[in-house]
Amino acid sequence: MDIYKVKHDPELIDNGELATSTSHKDFTDPDKLYAKLIEMIKSYHPSDDLSLIEKAYKLADDAHKDQKRKSGEPYIIHPLCVCIILAELKMDMETIIAGMLHDVVEDTDYTSEDITEMFGEEVSLLVDGVTKLTQINFVSDKVEVQAENLRKMFLAMAKDIRVIIIKLADRLHNQRTMQFQPPHKQREKSTETMEIYSPIADRLGISKVKVELDDLAFRYLEPEKYNELVHSLNENKAEREKYIRNIMREVKEYIEKANIDATIDGRAKHLFSIYKKMVTQDKHLDQIYDLFAVRIIVNTVSDCYSALGVIHEMYKPIPGRFKDYIAMPKPNNYQSLHTTIIGPDGRPFEIQIRTYEMHRVAEFGIAAHWKYKANQHGVNTANNEEEKMAWLRQILEWQQDMSDNKEFLSLLKSDLDLFSDRVYCFTKDGDVKNLPFGSTPIDFAYSVHSAIGNRMVGAKVNGNLVNIDYSLKNGDRVEIITSQNSKGPSRDWLSLVKSAQAKNKINQWFRKQNKEENIIHGKELILNYAKSQNLDASEYLKPEYQEACLKKYGFKDWDSVLAAIGHGGLKEGQVFNKLVDSYNKLNPVRTTDEDILAAVEEKAQNTDIVRTAMVKSKSGIVVAGLDDISVRFSRCCSPVPGDEIVGYVTRGRGVSIHRTDCINLMNLDDFERQRVIPAEWQLSDKNEIKDELYYTEIIIYANNRKGILMDLTRLFTENDIDIISINTNTNKQGTATIKVKFKIKSRDALDEIVRKIRQVESVKDIQRSRS
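Residues numbered from 1 in each chain as written. Predicted model: local features only at pLDDT ≥ 70, side-chain atom pairs only at ≥ 80, totals over all residues. Heavy atoms only, no water.

Peer 1: So, the nonpolar core: which residues are in play, and what are the values?
Peer 2: Membership of the largest hydrophobic core comes to 57 residues, with the highest contact counts inside it found for L37, I53 and L101. At nine residues, the largest contribution of residues to this core is made by helix α3 (residues 77-88). Not counting chain neighbours up to four residues away, the residues in contact with I53 comprise Y34, I38, I41, M93, I96 and I97. (Core = buried A, V, L, I, M, F, W, Y, C linked by side-chain atoms within 4.5 Å. Buried < 20%, exposed > 50% of the residue type's maximum accessible area, 1.4 Å probe, protein only. Helix = DSSP H or I, 4+ residues; strand = E, 2+ residues; numbered from the N terminus. Contact = heavy atoms within 4.5 Å.)

Peer 1: I'd love a proper account of the pairing of strand β18 (residues 735-744), names of residues and values included.
Peer 2: Remark: a regular strand shows side chains that alternate across the two faces of the sheet. Buried residues dominate β18, accounting for seven of its ten residues. Bridge analysis of strand β16 (residues 694-703) against β18 gives ten bridges, and the strand direction is antiparallel. Following the sheet pairing, I699 is matched in β18 by K739. Of the pairings in the sheet, the one linking strand β17 (residues 723-730) to β18 comprises seven bridges and is antiparallel in character. Each bridged residue has a counterpart across the sheet, and for S725 the counterpart in β18 is K741. (Pairing = 2+ DSSP bridges.)

Peer 1: Quick rundown of unusual backbone geometry? Include the residues and the values.
Peer 2: Its identity as a non-glycine residue notwithstanding, S638 has a phi of 45°, on the positive side. Among the secondary structure elements, S638 is positioned in the loop between β12 (631-633) and β13 (645-649).

Peer 1: Quick rundown of the pairing of strand β5 (residues 348-355)? Include the residues and the values.
Peer 2: For β5, a buried count of eight out of eight residues is recorded, marking the element as mostly surrounded by other parts of the structure. For strand β2 (residues 292-298) and β5, the ladder comprises six bridges, and the chain directions are parallel. Bridging across to β5, V298 finds its partner in T355. Examined bridge by bridge, strand β4 (residues 337-342) and β5 share six bridges and lie antiparallel to one another. Counterpart to H338 in the pairing with β5 is Q352. The loop that links β4 with its antiparallel partner β5 comprises five residues; one of these, G346, has a positive phi angle of about 85°.

Peer 1: How would you sum up the sheet that holds strand β19 (residues 763-768)? Please name residues and give values.
Peer 2: The strands making up a sheet associate through backbone hydrogen bonding, with each pair oriented either parallel or antiparallel. If you trace the four strands from one edge of the open sheet to the other, you get β17-β18-β16-β19, paired in antiparallel fashion. Of all the strands in the sheet, the pair left with one neighbour each is β17 and β19. Across the sheet, the mean angle separating the axes of adjacent strands is 20° when strand polarity is ignored. Helix α33 (residues 747-758) contacts β16, β18 and β19 of the sheet and is inclined by roughly 165° relative to β19. (Axes fitted to C-alpha atoms, helices over the stretch in contact; angles between N-to-C directions.)

Peer 1: Tell me about the packing of aromatic side chains, residues and numbers included.
Peer 2: Scanning the model with the defined rule gives 16 aromatic pairs in all. For the pair F218 and Y275, a centre-to-centre distance of 4.6 Å together with 25° between the ring planes defines the contact as stacked. Here Y275 lies in helix α14 (residues 271-280) and F218 lies in helix α11 (residues 207-221), a separation of 57 residues in the sequence. In this structure, F218 and Y275 share a single accessibility class: buried. Measuring from ring centre to ring centre gives 5.8 Å for Y254 and Y315, while their planes differ by 70°; the resulting arrangement is edge-to-face. Here Y315 lies in the loop between α15 (301-314) and β3 (316-324) and Y254 lies in helix α13 (residues 237-257), a separation of 61 residues in the sequence. Given the relative accessible area of 6%, Y315 is considered buried. One aromatic cluster is present, built from ring pairs that chain together Y529, Y540, Y545, F576 and Y583. Stacked on the ring of F119, the Lys or Arg K55 has its end atom at 5.3 Å from the ring centre. (Phe/Tyr/Trp six-rings, centres within 6.5 Å; stacked < 30°, edge-to-face > 60°. Lys NZ or Arg CZ within 6 Å of the ring centre and 35° of its normal.)

Peer 1: Provide a residue-level description of the environment of N462, including the pertinent values.
Peer 2: Its place among the elements puts N462 in the loop between β8 (456-461) and β9 (464-466). On the basis of relative accessibility, which here comes to 45%, the residue N462 falls in the partly exposed class. A sequence separation of 16 residues divides N462 from V478, and the C-alpha atoms of the two residues are 6.4 Å apart. For N462, the contacting residues outside a window of four places in its chain are G475, D476 and R477.

And the structure:
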């Protein structure tokens, strides 16, 4: 058995002792681990060029050369093992490189700038994201600190989900080698794993990582129960192995007779899965019958149901123990048919039936859909990723809704609860709602819409009136009774509901009802913020300045803005800064930006002065009349060298560069137009434009046909142009609109690629994106 790939199956554990990854006297040569990593990557990655991975390995090996882990092994073994885990998940090249370098910035003299220069911005951002997560301590006595750290982590995940996948691999290898840590550290890290990282792996559908994290954390959090369970399972190991082999042989015979092409395997349930069932069902081990499952993997969905028919014909199914996760997938997009049946000797066992693609998704989750794999398998992965990310978007919405850290932490931990199960119910129109086990009609109402929940006065389940504390069951058809005369939710509902979403919406309703208190509190927050900025609030709180805030945030009166600040819906800082902005607009003489613009205007009166006032910038842009000012490219029109450009003096963020035909620029009012200043591309000593790549976006209109995307992407690849993103949609008339974002050297290079795209079959027109 590979000492770096620990299996936490009871069959592989002796005498209650967890198999460990290594000891300080016996560890694998790092070069052998690296060779294994390269072999794994080559087995699935379409590119033969692995030079950047070799470069990352040499850099990490050199950076960590004087460091040892607590086990006594060279530190480089850790990033190598993290990369092997990522390669098992078949992650893209950038993720594996970032995995190799994930401790370099934090633990050595290398900086983020060094990583960017050597491996590119994408890898650097991933490394930076993982470094920031590593600095977060989730096990804190202070609720405020713990909640704030969780907020930071979810924001990092939102920027690039690969950050958390690297962190999960990092945590998995650290958990595998936890025996070298002192007992208090074992418990602290295992608690963090059980409460945070394992549930996140579950939500992202990465069961391959999730089940091992569970078992490893369980071993250190409940060592007596863990060892007792392992010992009990090992007592009947030989008999159980024989029984599983016989069942698999029988199932295979039945499936082959039905002419269904399938792979059959058997597996023991994971330790923590068994323990969780014992806890939630209040049973002893000898009362848990389905300690193992037989898995049937087939080619198509229709084969899944055909195989189910064969199994139910040959074995007696247990009523109420059939679950169709194909028709009703789990929140993490897991799909499979589960049925518990009675075996030949009267012993129950579980059978799981799924397709090969479902099995891949069940094992790897969101990692199964990464980047180049979409083209490799011919599968559109956008929807799958969107579904898995819906949970993350919900948490980010909670962050915006709540200023109370304790409330946010409570909601999040209940949402991540490993011991909670799910129920699947239907609306009267047949839509499926996925809710936590024990949910009530109130939870169901808020899952449909917050307005339905707020106006709810009763409920029907399967056509019968029920109490609002009725516990919903799988398959229930629920109809919510609402009334315009409803006074809204009751505070008692907070003790009845199980879903974090319902609790959040109910609390949100009460915050809005306590408007008078919120107005007073909001006013205090605004005044305190102004004081902290050494500003006289009375100067800025005049109606003419408030008007812009009302328009920006969509409120009818100033009291509503104050109430929103009071209950945490708006931040006092952002509101007051908008007031200051309005004040500065109406009093331009007091603004620093206006002083700058005046200086530019004065110099612009003489062409020669403008030329001498052009200041060089690292960005490849020279700007008239402005010394030491930051220059950035606008994303609305994405100018490239060769485009006619101008600068726009922003408020507090330097100068943004726009194309002269930018729609946002053309729509400026007369007042804002005063901020437009001359700018031009910087020329080298050889009178050439600076040799860099710049973001741009084009819109391609074409008659939709099979293979058009493949033809377009091949054209970009042949011209050595990196595509950043592609978005497509097709209207009813069959016209495809394809937006392509990529990096290009100059306008000439852009014109050349556009010329070639026009020659692609069925392309009708091409435009530059202007906003």
